[in-house]
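Structure at a glance
Spelled out, the chains give:
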Amino acid sequence: YVAKLPFSERGTYKGNTTCVQLNHGDSGFVVLCDAGTGLKNYSDSPTYDPSIKTYHLFISHLHLDHIQGFPFFKPIYQEGNTVIIHTFHKEIEVALRGLFEKNIFPVEYDSLKATIVYDIQAEATEFQLGALQVQSICQNHPSNSWGYRFEQDDEVIVFSTDAQHNVNEIN
């Protein structure tokens, strides 16, 4: 049996860029993939629980449409929160700080109240977040994009966006 979501939930003409929340049980932390404009909607939604203090944010790549929601993510403005940013891009902190430049955004990065941790992984790293097993793959995209495979209790979900086939390898 495959459940079909109503059109309003499976795809519309909404204007948000990538941000996906993974529901993975009662772990005490939230897992989000990418920080597009949908990240603001997450922290404005009924699923946002301000009592949760730890957020794991997996970034596929640094193109603007995948990070531009970060300045609007409510948890970064709350003291006592920790936002752990998992990625393979060494330039992540520079890219996110750039969103807070005074000519672009009215809040300075250094005034954020949450603790921001940059977890820059080595290629093909596998690790655990509580009961959640995480694997990754490098995808063909300008400046590379990373796909993530999450597994818990024999259930698997893959977050893979912005990947292209190499036309030279297609027969």
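Use the structure listed above.
Each chain carries its own residue numbering, running from 1 in the written order of its sequence. Note on the predicted model: pLDDT of at least 70 is required for a residue's local features to be given, and 80 or more for side-chain atom pairs to be given and counted; whole-chain, interface and lining totals, by contrast, use all residues. Only hydrogens and water are set aside; all other atoms, that is, all heavy atoms of the structure, feed into the side-chain values.

When the centres of two rings from Phe, Tyr and Trp lie within 6.5 Å, Trp using its six-membered ring, the rings pair. Their planes under 30 degrees apart give stacked, over 60 give edge-to-face, and anything left gives tilted. In total, this model carries 13 aromatic pairs according to the counting rule given. Ring geometry for Phe-100 and Phe-105: centres 5.6 Å apart, planes at 85°, overall edge-to-face. Each member of the pair Phe-100 and Phe-105 is classed as buried. Between Phe-100 and Tyr-109, the aromatic rings sit 5.6 Å apart at their centres with planes inclined by 75°, giving edge-to-face as the arrangement. Taken together, the ring pairs connect Phe-58, Phe-88, Phe-127, Trp-146, Tyr-148 and Phe-150 into an aromatic cluster. Using a 1.4 Å probe on the protein chains alone, a residue whose accessible area is under 20% of its type maximum counts as buried, one over 50% counts as exposed, and one in between counts as partly exposed.

By salt bridge we mean one thing: a side-chain nitrogen of Lys or Arg within 4 Å of a carboxyl oxygen of Asp or Glu. According to the stated counting rule, one finds five salt bridges in the structure shown. Note that Arg-97 is salt-bridged to Asp-110, the shortest N-O span being 3.0 Å. Here Asp-110 lies in the loop between helix H3 (92–98) and strand E5 (115–120) and Arg-97 lies in helix H3, a separation of 13 residues in the sequence. Under the relative-accessibility criterion, Arg-97 is labelled partly exposed at 32%. Each of the salt bridges in this network shares a partner with another, and the network as a whole consists of Lys-40, Asp-44 and Lys-74. Each helix corresponds to a stretch of at least 4 residues labelled H or I by DSSP, and each strand to a stretch of at least 2 residues labelled E; elements are numbered beginning at the N terminus.

For the rest of this paragraph, the subject is the pairing of strand E9 (residues 155–159). Two faces, one strand: in a regular strand the side chains alternate between the faces of the sheet. Here, a strand pair is defined by DSSP locating no fewer than two bridges between the strands. Both strand E8 (residues 145–152) and E9 contribute to a ladder of five bridges, which runs antiparallel. Opposite Glu-151, over in E9, you have Val-156 as the bridge partner. Connecting E8 to the next strand, E9, in antiparallel fashion are two residues, including Asp-153 with a positive phi near 50°.

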